[in-house]
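Spelled out from the first residue to the last, the chains are:
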Amino acid sequence: MNLSEPNMNFKPLWAASVAAALVGMTGSVRAEVSELKIAEQYGISYLPLMIMEDQKLIEKYAKEAGVAPLEVTWSKFAGGNVMNDALLSNSLHFASGGVAPLITLWAKTRGNYDIKAAAALNSMPLYLVTRDANAKTLKDLTEHDRIALPAVKVSIQAVTLQMAAEQAFGPGQQNRLDSLTVTMSHPDAMTALLSSNSEITGHFGSPPFQGYELEHPGLHMLVNSYQVLGGPATFNLVWTTSKFRSENPKVYGAFLKALDEATALINKDKGWAADAYLRISKDKASRATILKILDDPEVVYTTTPQNILKYVSFMNKIGSIKATPASWKDLFFPEAQSSPGS
């Protein structure tokens, strides 16, 4: 028997297997999404995402990575809870919102969707503004007060209010003011707060809405999130599923590069950033008002997370989440873990 004959017969089979593997590899590259779906919310805190959309930064970096054409679609949501549903149903690829919704989803999806944050967007203080002249502290609120926030119980404003309630009323009293809260988008909440005919007497908002509200006579700040947390903290982040990240490494990378560029553009020229915000958002505020917000030293656009674990610890203590990360890094994908976060 000629031992070379099996080898001769085997070579075409081996070559066919390699070719099939190469086709599979090529197919996996081509499998990256051709349409990227991203959600954002209302307010100047989402300015990096607004600039990414306006300047088509994701498309630019996707093209450099060999993913072209990539269609990027943007949707506006009023709260993180709705975005999370869209993310889980695969009708959305990147969600954005406050720390609390991200923590909730991270805890609920461990071992399946494994949702984590891609990066932070900013660190900003959140104010509870009220038109109740008798309310000097949270203890002065009554059953007649109504506090508007993006999502009852689950938004970062709702969780911060629970933290503040526990500090004001004592351990175990974190839900003391939950019955006063109403789910409402920031623009609608501000309109309601400024109307004397509305039941809304308070708005736990975000920039720029809280700043606009404080310019009106009779309105004052009742709670500052930085005081509740004992220092500056991340307000917004962007997050996605582990499956999306692993199946779309080039698109995911393009998103991160676009976010880094948008953040750098804001920090490089606040005047340009103010003009961009007014043009894109069609906000009727003055340029001076927007610049005042951007120049506030407490308002920082950064992809580095800050004070995340204080929310995690509180939410675990009151039973909102059942799992706790060993480190803030457990909540983020590897690309963000090299930053000096907390």
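An account of the accompanying structure is given in this report.

Brief notes about the overall build of the protein chain
Along the protein chain, the regular secondary structure elements total 14 helices and ten strands. Across the 342 residues of the protein chain, 51% fall into the buried class. Within the protein chain, counting contacts between residues at least 6 apart in sequence, those at least 24 apart form 77% of the total.

Considerations on the environment of K250
In this structure, K250 sits in helix α11 (residues 249-268). Judged by relative accessible area, which is 35%, K250 ranks as partly exposed. When the C-alpha positions of K250 and K63 are compared, they lie 9.6 Å apart, and in sequence the two are 187 residues distant. Among the polar contacts listed, one links the side chain of K250 to the backbone oxygen of A65, at a separation of 3.4 Å.

Focus on the sheet that holds strand β9 (residues 220-224)
Ordered by their spatial adjacency, five strands build an open sheet running β7-β6-β8-β5-β9, and the pairing between neighbours is mixed. Each edge of the sheet is formed by a strand with only one pairing partner; in this case those strands are β7 (181-183) and β9. Mean inter-strand twist for the sheet, computed between neighbouring axes without regard to direction, equals 25°. Across three bridges, strand β6 (residues 147-149) lies against β7 in parallel orientation. Counted as the bridge partner of L149 is T183 from β7. Its contacts with the sheet place helix α6 (residues 156-169) against β5 (127-130), β6, β7, β8 (202-204) and β9, and it is angled at close to 135° to β6. Contacting β5, β6 and β8, helix α7 (residues 186-193) runs over the sheet at an angle of about 155° to β8.

Details of the packing of aromatic side chains
Here the structure, examined in full by the defined rule, presents five aromatic pairs. The interplanar angle of 25° and the centroid separation of 6.0 Å between the aromatic rings of F94 and Y252 together place this pair among those described as stacked. Remark: Y252 occurs in helix α11 and F94 occurs in the loop between α4 (80-88) and β3 (95-98); sequence separation between them is 158 residues. Relative to F255, the ring of F94 has its centre 3.9 Å away and its plane inclined at 10°; by these criteria the two rings are stacked. In this pair, F94 sits in the loop between α4 and β3 while F255 sits in helix α11, placing the two residues 161 residues apart along the sequence. This pair shows no difference in class: F94 is buried, exactly as F255 is. An aromatic cluster is built from F94, F244, Y252, F255 and F333, whose rings are joined through pairwise contacts. Its guanidinium or amino end placed over the ring of F169, R176 lies 4.2 Å from that ring's centre, counting from NZ or CZ. Lying over the aromatic face of Y252, R245 brings its terminal NZ or CZ to 5.7 Å of the ring centre.

Describing the packing of helix α2 (residues 47-54) against helix α12 (residues 270-281)
At their nearest, the axes of α2 and α12 sit 10 Å apart, and the two run at 75° to each other. Relative to α12, the element α2 lies roughly perpendicular. Facing L47, M50, I51 and D54 of α2, the residues of α12 in contact are W272, A273, Y277, R279, I280 and S281. For the contact of α2 with α12, a count of residues per class yields seven nonpolar, one polar and two charged.

Focus on the side chain of N122
In this fold, N122 is placed in the loop between β4 (116-120) and β5. Owing to a relative accessible area of 0%, N122 belongs among the buried residues under this scheme. From its side chain, N122 meets the backbone oxygen of S45 in a polar contact 2.8 Å long. In this structure, N122 is in contact with S45, T234, F235, N236, V300, Y301 and T302, ignoring residues within four places of it in sequence.

A look at the packing of α12 against helix α13 (residues 287-295)
To characterise two packed helices, one gives the angle between the axes of the helices and the distance between these axes. Relative orientation of the contacting elements α12 and α13 amounts to 125°, with a least axis distance of 9 Å. Compared by their axis directions, α12 and α13 come out oblique. Both α12 and α13 take part in a crossing whose hand is right-handed. Within the contact between the two elements, α12 uses K270, G271, A273, A274, D275, Y277 and L278 and α13 uses R287, I290, L291, L294 and D295. Residues of the contact of α12 with α13, tallied by class, amount to seven nonpolar, one polar and four charged.

A short note on the nonpolar core
Formed by 101 residues in total, the largest nonpolar core has its most connected members in L36, L47, M52, I58, L138, F255 and I290. The biggest single contributor to this core is α11, with nine residues. With sequence-adjacent residues up to four places away left out, M52 is seen in contact with L57, I58, W74, F255, A258, L259 and A262. Ranked by size, the runner-up nonpolar core spans eight residues in total, among them Y127, A148, A192 and L219.

About the cut-offs
Residues numbered from 1 in each chain as written. Predicted model: local features only at pLDDT ≥ 70, side-chain atom pairs only at ≥ 80, totals over all residues. Heavy atoms only, no water. Helix = DSSP H or I, 4+ residues; strand = E, 2+ residues; numbered from the N terminus. Buried < 20%, exposed > 50% of the residue type's maximum accessible area, 1.4 Å probe, protein only. Contact = heavy atoms within 4.5 Å. Polar contact = N/O pair within 3.5 Å; in protein donor to acceptor, adjacent residues only side chain to side chain. Pairing = 2+ DSSP bridges. Axes fitted to C-alpha atoms, helices over the stretch in contact; angles between N-to-C directions. Phe/Tyr/Trp six-rings, centres within 6.5 Å; stacked < 30°, edge-to-face > 60°. Lys NZ or Arg CZ within 6 Å of the ring centre and 35° of its normal. Parallel < 35°, antiparallel > 145°, perpendicular 65-115°, else oblique. Nonpolar A, V, L, I, M, F, W, Y, C, P; charged D, E, K, R; others polar. Left-handed = near helix turned anticlockwise from the far one by under 90°. Core = buried A, V, L, I, M, F, W, Y, C linked by side-chain atoms within 4.5 Å.

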